[in-house]
Amino acid sequence: MTSPAQITSTDAVRQFKRALDEFQGEAREAVTQLLLEMRRAVDWIEHDRARYWPREMQRASDALLQARHDLERCEMSLRPEDKRSCYEQKIAVEKAKRRMRLTEDKVRAVRRWRFAVRREADDFQGRLAKLVSYLDMDIPRAVAALERMAAALDRYTERAAPAEIAGTSEHAAPVAPGAPRADGRPEGDAA
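Note that the structure is a prediction, hence the values are computed from the model and not measured. (Residues numbered from 1 in each chain as written. Predicted model: local features only at pLDDT ≥ 70, side-chain atom pairs only at ≥ 80, totals over all residues. Heavy atoms only, no water.)

Some details on the side chain of Thr103
Right, on to step 1. In this fold, Thr103 is placed in helix H2 (residues 87-166).
Right, on to step 2. On the basis of relative accessibility, which here comes to 0%, the residue Thr103 falls in the buried class.
Right, on to step 3. Setting aside its immediate chain neighbours within four residues, Thr103 contacts Trp53, Glu56, Met57 and Ala60. (Helix = DSSP H or I, 4+ residues; strand = E, 2+ residues; numbered from the N terminus. Buried < 20%, exposed > 50% of the residue type's maximum accessible area, 1.4 Å probe, protein only. Contact = heavy atoms within 4.5 Å.)

Right, dumping it as structure tokens:
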């Protein structure tokens, strides 16, 4: 025969329920923060960088045209007997070419990253949607179940307490008629 459970307190169940409620609130806040950070990163690539690098490429193109123009003017002003080699203008042209190549690379990279970031953001949002579903559906169910368990355990401890005070348990085996009771007297004896 099994003995009754020795439940003295339901505080642990209620503490776990409160911790689960707290977790739900913190998890919702974390999801909101993650979505905001993701949105900022996506906006930075799709809008900020997508505008910045084409403008920089235009500036680099203008600077390259200007450097080439300066080099041509320098070369035109050279006389055959002049030893000046337009070194500074040649350096400026090379620098402008490097800047132009950099901006072209960045424009291509932004195009690639826009698609990659959008795809990853959509995937991330899908995974977060699952977490939000758990937070919206499963945690409230778990909290409700814990509350029901705590209430049932409270009722159980209230019923078990009077039986323990009397020195018997409500789960004790029935006593056969005429058999002695726990106090030694036969069943049916009036005290």
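The rest of the description comes next.
Overview of the nonpolar core
Right, on to step 1. Ranked by size, the top nonpolar core spans nine residues in total: Ala60, Leu64, Ala67, Leu71, Cys74, Cys86, Val93, Ala96 and Met100.
Right, on to step 2. Elements with a minimum of two residues in this core: helix H1 (11-77) and H2.
Right, on to step 3. Among the elements that make up this core, the one with the highest residue count is H1 (five residues).
Right, on to step 4. The residues touching Leu64, leaving out its near neighbours within four places in the chain, are Val93, Ala96, Lys97 and Met100. (Core = buried A, V, L, I, M, F, W, Y, C linked by side-chain atoms within 4.5 Å.)

Examining H1
Three or four residues apart is the spacing at which side chains of an α-helix point the same way, because the helix has 3.6 residues per turn.
Right, on to step 1. Here H1 spans 94 Å end to end across 67 residues, near enough to the 99 Å set by a 1.5 Å rise per residue.
Right, on to step 2. At Arg49, H1 shows its maximal bend, which comes to roughly 35 degrees. (Expected span 1.5 Å × (residues − 1). Bend = angle between axes of the 7 residues up to and from the residue.)

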